[in-house]
Structure formats: structure tokens, C-alpha cells
Amino acid sequence: MTINSHGEELILDQERAIYLPKNKLLAISDLHLGKSAHFRQAGVPVPATVAQQDLSRLDAILQKYKPNTLLINGDMFHHGLNTDIDEFHQWRRKYQQTNFLLVKGNHDRLANADYASMDIEIHEPSFCVGPFCFIHDAPKCTEEELYPISGHIHPGVTIVGRAKQRLKFPCFYFGKDYAVMPAFSVFTGLYNIKPKKEEQAYAVTKESVVKI
Amino acid sequence: MELTKTKGYKKVKAWLKADKKKPFKFQEDAWQHYADGYSGLVNAPTGFGKTYSLFLAVVIDALNQPKAKGKKEKDRLQLIWITPLRSLAKDLARAMRQTLLELELDWMVGVRNGDTSQAEKLQQKKSMPEILLITPESIHLLLAQKNSSTLFKNLKCIVADEWHELLGSKRGVLVELALSRIKGLQKQANNEVLRVWGISATIGNIEEAMQVLTPNAESKRIIIKADLEKKIEIKSILPDDIETLPWSGHLGLKLAYKLLPIIEKSKTTLIFINTRGQTEMWYQHLLNLEPELAGQLAIHHGSIDFELRNWIEDALHTGQLKAVIATSSLDLGVDFKPVDTVVQVGSPKGVARFLQRAGRSGHSPYETSKIYFLPTHALELVEAAAIKEAAKNLDIESREPVIMVFDTLIQYLVTLAIGDGFDDKIIYEEIKNTHAFNMILPEEWDWVMRFITYGGESLTAYPEFKKVEKDEEDGLWKVKSRQLAMRHRLHIGTIVSDAMLKVKFLSGGYIGMVEEYFLSRLKPGDNFRLAGRVLEFVQVKDMTVIVRLSKKKNAISPSWLGGRLPLSSNLGAVLRKKYNEALDENQQDEELKIMRPLFQLQEKRSHVPKNDELLIELINNREGFHLFAYPFEGRLVHEVLAALVAYRLSKLLPITFSIAMNDYGFELLSDIEIPMDDSIAYDVFSPKNLTQDITLSINSTEMARRKFRDIACISGLVFQGYPGKYVANKHLQSSAGLFFNVFSDFDKHNLLLRQAYDEVFYQQLEEPRLVAALERIQKSNIIITHPNSFTPLSFPIKVDSLRESMSSEALEERIARMKADSDRKLEGS
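Reading guide: rules and limits
- Residues numbered from 1 in each chain as written.
- Chains lettered and ligands numbered in written order.
- Predicted model: local features only at pLDDT ≥ 70, side-chain atom pairs only at ≥ 80, totals over all residues.
- Contact = placed C-beta atoms within 7 Å.
- Helix = DSSP H or I, 4+ residues; strand = E, 2+ residues; numbered from the N terminus.
- Core = buried A, V, L, I, M, F, W, Y, C linked by C-beta atoms within 7 Å.
- Buried ≥ 20, exposed ≤ 12 C-beta atoms within 10 Å, placed from the backbone.
- Pairing = 2+ DSSP bridges.
- Axes fitted to C-alpha atoms, helices over the stretch in contact; angles between N-to-C directions.
- Parallel < 35°, antiparallel > 145°, perpendicular 65-115°, else oblique.
- Nonpolar A, V, L, I, M, F, W, Y, C, P; charged D, E, K, R; others polar.
- Right-handed = clockwise from strand over helix to strand, strands pointing away.
- Expected span 1.5 Å × (residues − 1).
- Bend = angle between axes of the 7 residues up to and from the residue.
- pLDDT = per-residue confidence, 0-100.

## A few points about the interface of chain B and chain A
Moving on, step 1. In this complex, chain B contributes 35 residues to the contact, which on the side of chain A involves 33 residues.
Moving on, step 2. Of all the secondary structure elements, the ones that give two or more residues to the side of chain B that touches chain A are strand 23 (656–661), strand 24 (666–670), helix 26 (736–746), strand 26 (803–807) and helix 30 (811–828) of chain B.
Moving on, step 3. Counting residues per element, the side of chain B that touches chain A draws most heavily on helix 30 of chain B, which supplies 7 residues.

Spelled out as C-alpha cells, the structure:
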């Protein structure tokens, strides 16, 4: 779904990503790479296919939009280095032409050398493009003229219908003061938000993005 | 051996005689069989000394043995007494110590459960007492200790007290597994001296209850049944006219004033209420009605602090309290002598539970137990009539033992691995001989072993997975990480509750616990009620809720999840019969007489279903199109049945339902007209293609997902933390729902996932019960009515908040229509 925000065209993709055609920039948030392996290290069996699926979804949208830049809006890595991240390292080599930018989030605590070795450019606390300021946690934004686009909370929205029907989806949120992106990783939960009347939320279903 | 000639027997007999007592026949039977090396089950009504039938058997045996050797040994343990409730242990220990003292047997009695202090546990580690009173969870904690294998070397007997309470739950499986290990250890040491006994109230499947406890059919085992009858008097507290009672709801406060004269004329009254939240409201309400009760009225439930509960129990013994409002926390065991009256508020939902509670009064042999039933809404009066009849005919439910619970097995294996480690071949043989895992297949066992060692299928073995590893020196499976071991110890057990926080006064002193979820809705300065006091929330500090006493008179009560009991099938059948008689002018039940105006209204608006009828009501109003059906099979079965009917209807056209149910029936609600006539009705309630249709309907609702919540906790996938003690690692937090998705998407053969579906299939819906219900419906007349407004039967379901959904429409279309609806609403407003 294509929307217009602050005079710019944004494509909201059902794979939980935003594409900025003008800048050839693809943005995702909360990838939480290494989360499944981190759980396994602690004795909780989570199939590695979880991480593999996240990467193959990323493959799909990178091939769809062929961006110059992939921006990860925080929480790219869940914890420390582990086998999931080794796999990512291998995978990264397929996209040497693409610039990987990381806006650091609360989970991103690897050493700078580790990011460098994976060819990831670090931005702290934010990365600004056009009227937008990509930042992991919106309230921390200090760029007053810009519109913050954040991640962090893994937003979800509940739609209520007649006859007591309810449906819950991950969502994009475009509020008066800031926007929030859905978490990219499938191994994440949802935090329910309640958009006000004048604010926009876009539910992400398996097939498409729907304006609420 | 002739028991009556032994030294021990004579001594016990003389001791009883000095107290002018004589053993009952069943007690002497138990002593004799114990002496002859039998295991088994004792079944006797409360108040006749079930405890002494087994405790004294062990004592007589000990008195007959030559004097025990050294005192300081770790393997002194002679008797393990398993009790389901912590509150039972203290009083039992007191009685046992007294007896041992008088019989001059130099034995120690120890208690070990969640309330036992750390110092006492350490003392026990150094030197075990001869008798240990313990909960199923704490036995597993013992097995999780290093060098625990030696503890049970000389253990003569394990008694599972109130076995009927444990039998139908995963806690019963904990007992089965612990028994298999202890027996296995004695076998390895070539010293098989253990006898296993259960004590049980009367249940429908008493034979099976014994077999679960002593699964070896070749062993010497016996059921000893007391030929004694407990007299029970049941009285309903009736409203002056039926208009007083609401059609729905669960408070029943309107009739509370009728309790005052009952409390007044009794020595001590126990008032049982089904949920913890409601006890708090009743406490406040009774005090408002009768301020004189202040200081003589107390609350007892599982979320009240240990010290406070202790004080209440002591005060009950000494008769200081006029009345205590309790949940199932006081259901079992302990004899509070001053209690002469019991009141049950709201339906107890089962005959066995009702009789058990009645037995809390008139505890001495041959005394009559008196119980009052106070209905909280109008239809409960029919349940009162049904319960009376079922109790008269001793139509008592069975407790179905739980089987093939892989979550509990996984937890058990990790427990052994953090203790002394285990040999997988030996343990496989041991668990295969339990009732719970009798049907386990070798490939399922392999899967469980891979799950705890590799973290999944061996094909995709993960090198980083660390949980249970093989010790190269002795070849046993062990957990090496101390952190993992500690985390596991905190999560041993199969009772899953929401994360709980302790509540403490600013000035010190604990009051009890509330769920984290409840707390998340409170702001500092808000008031809530706990343990009968109105408290002002100050702050949360170190996982503890700090409060001060509030001056406010009223406040909200915390809600604790769980605790809603479904109607048993026995009671359902009697209930249908009672509806049959409802409009009969000549019938005699006082409850039904007073209900007649309500039934007449039901008949006027719709129909009162007879025994051989299934009533379907179709009601159309602003909310949407409602379909109500009343099979009277209990809430759990209705949940599955409603999903099944919804699924079959949704095959006829694209449609979305929201589903609600209670013990009498269920509701399907849709925003478009629901197709329904005689032939459709017989089709959707047909037993044809049942297994397949149920599987598909379970798939499209949340039932299995909800079961998975407990499974994820028990098997250690999800960490909940522990009240006041432990903060879960933030980056290891996740939800059961997330695991359910991940396994459904990526690991379909996961046995824990399968268990979730099996629990719906076999435990919740009890497939034979569902088939029987559908066959009954096929032979019934299906009556379809179109009432203009809600009826006395439909109203309680409509207001029920537990809802499911089921849809055969495309998601995008649903969203579009829901949006269109809400847009219309906006325009209209």
C-alpha cells in the first residue's frame, strides 16, 4: 500500500517493511537476529528455521525493491554473537552492493568491530532522510523539525466489529507526533496500541496491508 | 503373620483403649494387610480416621522391629506422606507427633513444602526425619537434589493422601513419576521394601484410582472400603420470591442477609465461595450487614500470606472465629472440630466436591454433616435440586487419570538431570511401567530425549543448545549449568498461574499475593482489597507490592485467573431430568416450586426443554443474529461442541461467528443470518465424520493454543519468575502463544504441540461423552423457537465473557465489513 506522509511517498509492505522510492531506501525494524539461538543456548529449544525464515523474507523484499540502502531501525541483533548470526554473516555476502545501515536499539550491544566485519554502518541515535528521522525509540528523538519513525514496541492493533468480532494484527502506526513500524521478525509478540480518531494505523495481514 | 499377637498391635490397642477408643474394622484390615506386605487404597468417609488406618499400620510395624540403629544417618526416612494441600501438613504433623510421643516411638516428623523455611530444609538435608509430610512438587524438589538417591534406601511406605484430588491432574502424574523412581532406586539397591497406599474419598472409578497408584498388576494390592455411612443434610437457602434473584451473575449478595441467622446459631461456619475475588466481596458485604462480626470473621484463600493463613487455621481450631470465608483452600482433610455448619455459595458444579465440602462439618463419626446451598442466580436453584438428588443416589463422578503428558515428563527428566543424573534406559523402563506413560512409543521417548539434549530433531542438532548432557565419566544424563539448574528448581510443579507479586505493608508484614496483570492496572494511590482489608497501593519495589492501610470502606477486588469449574456430566444428566419436571405442578422439590414463574416465562417466550428434546433459540437484535442451543453437558464440552457446530455451519456459506458458552448451553453470534432449520440442525449435531470435523474445528479456534499456555510453562519453554524471589531474564522472555505459532509453522511434529490438541480432544471434550451427547441429540426432538427477546436460559450465556471465534470468510473481506460497520456507526453518531 502506498501512502503519503509529510509530502513523501511511502510504500508499506506486508512483509513489515517501508520503502522510500525517492531515496531507494528499504526500512525494517526489530529483526532480533540471534534470538532463537540465544534461547537455545539457555536450554529452550526454538527451531533455527525461525531465523532462516526471517532471512528468506528479507531476501524476498530485497529482490522486490532492489534498494540501494537497507535500513534496520534498531534491535537488529537480539543478544550476543551465536550461530544464527554466523548464518547471517554468510547471507550478508549476497548483497555486497547494498548498503546496510543500523540505527542502534536497546538490544544492539555488539562490539563495533563485529558490525564492521559484517559490513554494517552504525548510526546513533538516529538516521535522518528527507522529512523523516529514523530512530529506535520515538520519545528519544531530539530532531524537532523532523517526523520520527520508530520501532521498539512491536505494535499490534485490534479491530472490533459487529456481533462481538475481534481481530488482532501487527501494524504500522502513523500518529500526529511520530510513526511506529511493526517488528520484522516473526519470533516477536505484539503490544496492543489504540490509535485515536485522527491517527492512522495499517494492519498487516498475510496477504496485504489494510488501512484501519 | 497374625497381627493381633504382635507387640506393636497390643501396644497400639492398649493406647486406644486408654482413650476409650476402639479401631474401626477397616482400620484393623488396613493394619493387617500392611503387615502382610500389601499396597492399596483406603476408602472411607471423612471423620472416621482414615489417617490412622495407615499411619498406625506403619507405627505398628516399626514397634515390631528391633530397635533402630544410629540416629544421624541420612537414610532414616521410613514414611513419606503426600498431601495435596500445604495447610494439611501442619495439622497432620501435630497429630502424628502427639501419637508417637504417647506410643514412645522415638521418631521425628518433618514437613516439607513451599512454606518450609530454608533453615529447616537444610537441616533435613543433613538428617532426614523418619516421617516426611510433603507435597508432590516438593518430592520432585527432593529428587532434584544431589545425592538424593540415598534418601529412600530404607523407605517403607509412601501414602498419597486425598488421592482423588491428585488423580485427575498432572500433579497426580508427578506422584506416579516419583513413585516409579523411588521404587527403581530400591530395586537397584536390591532392597525392595516399599509399600504404596492411597487414601481416597468415594469416586466413580475407585478401582482405577488404585491401579494408577500401584500399576503392577502382579503385586499384592487391595482396596479397603469402610462399611460406614456419613449422614448429610442439604438445605437450600431460598429467596422469598424468584424476582429477588438475578437471571445471571455470580455474586448472590442479595441473599447474604439470610446467612446471618445461620452463622448466629452455629458454633463455627465455613462459607465456601468458588473464586478468591468473590471471597473478598463477600467478606466486605457480610461485615456491612452485621458489623458485630468484625474480629470473628476471616478470609482464607491460596493468595493470602502463609502466616496469616496459619493464624486463621489456629483460630479455627480453638473456636475463636464465628465464620470463615474460604475457597477450595480449605476443601480437604483437616478437621476443624468447632465447625458445625458449612455454606456453599454458588454451584459447586460436581457432586463429589459438594459432599467433600459438606464433610467439613460434623467431623466426628456418626455426626450429621450440615450444608446450606446459597444460589447466586436463579438457574442455580435447579442445580441445587439436581445436586440433592445426585447426592441422595450417590451418583458420584469419576476422576479420569491424566496420561501422556510430555510436558510433565520433560520436566521430570530435567529434574533428575539436575539431581544425581539418570540412565535413559533405566528411566524408560520405569516410566513405561507407570499408568501415565504406559502407552509411550520408543520413537516418542527418543523425541523427548532429543528435545532435552539437542533442542529438537537430531537432523538439525544445534551445537549451541545446552541443557541435558551426558557425563562422560559415569554415562549419566546431567545438567551442568548451575544457572539452568536454579531456574528449573524454581519452576518445578504443574500448577501454572500468572506471575504473582507479594503484597507487603510499608511498615512491614506480608498480606498475600496478587497477579501481575491485576497490578498493571493500578496507579499509586488506588485502593484494592486483599485478605479482607482495604489497601492503598504505594509502589512496586523489588518484585514486591508496597501498600498501606486505606481509610476507604470500599475498593475493587483483585481477580485471580482460573478457578472456573465446569459442570460434571453426572450432574448434567440429573439437571436435564429436573428441567423435565420443572413445569409439572405436582413435583415436590422446593427449589423448583419457587422457580416456577421463571420457567413459565421461559415457556411463554420460548420453550422449556424436556429430557428428550434439544432446544435451539434464534434471536435477532441490534447486536446481530444469535443462535442458542442447550445440550446441558457442561462448559468444556459445550466449548468443543459449539466450535464443531460453528465449523459445520461455516461450510454452508462464508460466515463468521463469535462463540460463548456456559454449563447449560452455547451461543453462536454472527453479523449475518445463521442458516437453521430441522434438517440443518440434525446435520450439524450429527456424530458422522466426527473425529475429522472436530480436529478441523479445534484448529480454527483458540482451544489448543490455550492449553499450550500451561504446557509451555511446565516443560520449561516459558519462564514466569517466582513471587518476590526471581526476576526472569528479560531477553529470555517470550510467550506461550509465540511458541505455539513457531512450532505450528516450523516444527509440526513437536510432541508438546500434539499434547495441546490431545488435551482438548481427550481431556476437555472426553470424546465418548461428546459422542454420547450427539447420539442422544439425534434421538431427541429438536425444537427451534424464535423468541423476540432474551429468555431466562439464554441471558446468562449472552453476558458470559468467555468468547471464541470461528470464520470461513476471507480475512480481507472481514476487515472491510467490520470497517464499514464501524464507519456507519461513526456517521450515525
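## A short note on the nonpolar core
Residues and elements named next belong to chain B.
Moving on, step 1. Counting residues in hydrophobic clusters, the biggest one holds 281 residues, and the most contacted among them are Ile271, Val324, Leu413, Ala643, Ala646 and Ile659.
Moving on, step 2. Looking at this core element by element, the count peaks at 11 residues for helix 22 (residues 635–650).
Moving on, step 3. Apart from residues no more than four positions distant in its own chain, Ala646 is found in contact with Phe657, Ile659, Leu668, Ser697 and Met806.

## Some remarks on the environment of Trp107 of chain B
Residues and elements named next belong to chain B.
Moving on, step 1. Structurally, Trp107 can be placed in the loop between helix 4 (86–102) and strand 3 (109–112).
Moving on, step 2. Sequence separation between Trp107 and Ala62 is 45 residues; the distance between their C-alpha atoms is 9.9 Å.
Moving on, step 3. Setting aside chain neighbours within four positions, we find Trp107 in contact with Leu100, Glu130 and Ile131.

## A word on the sheet that holds strand 16 (residues 500–505) of chain B
All names here are of chain B.
Moving on, step 1. Sheet architecture is open: 5 strands sit in the order 17-16-20-19-18, paired in mixed fashion. Each of the sheet's edge strands pairs with one partner strand only, and the pair in question is strand 17 (510–515) and strand 18 (527–530). Averaged over all pairs of adjacent strands, the angle between strand axes in this sheet comes to 45 degrees, irrespective of strand direction.
Moving on, step 2. Relative to strand 20 (residues 544–549), strand 16 runs parallel, the two sharing 4 bridges. Bridge pairing in strand 20 links Lys504 to Ile546.

## Remarks on the packing of helix 22 of chain B against helix 24 (residues 690–699) of chain B
Residues and elements named next belong to chain B.
Moving on, step 1. The geometry of helix 22 relative to helix 24 is characterised by a closest axis approach of 9 Å and an angle of 95 degrees between their N-to-C directions. Looking at the two axes, helix 22 sits roughly perpendicular to helix 24. Contacts between helix 22 and helix 24 involve Val640, Ala643, Leu644, Ala646, Tyr647 and Arg648 from the former and Asp693, Ile694, Leu696, Ser697 and Ile698 from the latter.
Moving on, step 2. Here the contact of helix 22 with helix 24 is built from residues that sort into 8 nonpolar, 1 polar and 2 charged.

## Looking at the pairing of strand 4 (residues 131–134) of chain B
Residues and elements named next belong to chain B.
Moving on, step 1. Side chains Ile131 and Leu133 project from strand 4 onto one buried face, and the interleaved Leu132 and Ile134 project onto a second face that is buried too.
Moving on, step 2. Pairing geometry for strand 2 (residues 79–82) and strand 4, over 4 bridges, is parallel. Looking at the pairing, Leu79 lines up with Ile131 of strand 4.
Moving on, step 3. Alignment of strand 3 against strand 4, held across 4 bridges, turns out to be parallel. Across the sheet, residue Val109 finds its bridge partner in strand 4, namely Ile131.
Moving on, step 4. Viewed along the sheet, the connection from strand 3 through helix 5 (residues 118–126) into strand 4 turns out right-handed.

## What to know about helix 21 (residues 590–605) of chain B
Residue and element names in this part refer to chain B.
Moving on, step 1. Relative to the 22 Å expected for 16 residues at 1.5 Å per residue, helix 21 spans 24 Å between its end C-alpha atoms, a close match to the ideal helical length.
Moving on, step 2. Along helix 21, the largest kink reaches about 55 degrees and is centred on Arg596; proline Pro597 follows within four residues of it.
Moving on, step 3. Of all the residues in helix 21, the buried ones are Glu591, Leu592, Met595, Leu598 and Gln602.
Moving on, step 4. In this fold, the buried residues of helix 21 make contact with strand 8 (232–236), helix 14 (380–392) and helix 20 (569–581).

## Digging into the confidence of the model for chain B
Residues and elements named next belong to chain B.
Moving on, step 1. The predicted model of chain B averages 86 in pLDDT, with 92% of residues at 70 or higher.
Moving on, step 2. Contacts from residues 723–728, a stretch scored under 50 in pLDDT, to residues over four places away or in other chains number 15 contacts.
Moving on, step 3. Predicted confidence for residues 825–829 stays below pLDDT 50, and this span has 0 contacts to residues more than four positions away or in other chains.
Moving on, step 4. Across the predicted assembly, pTM comes out at 0.86 and ipTM at 0.83.

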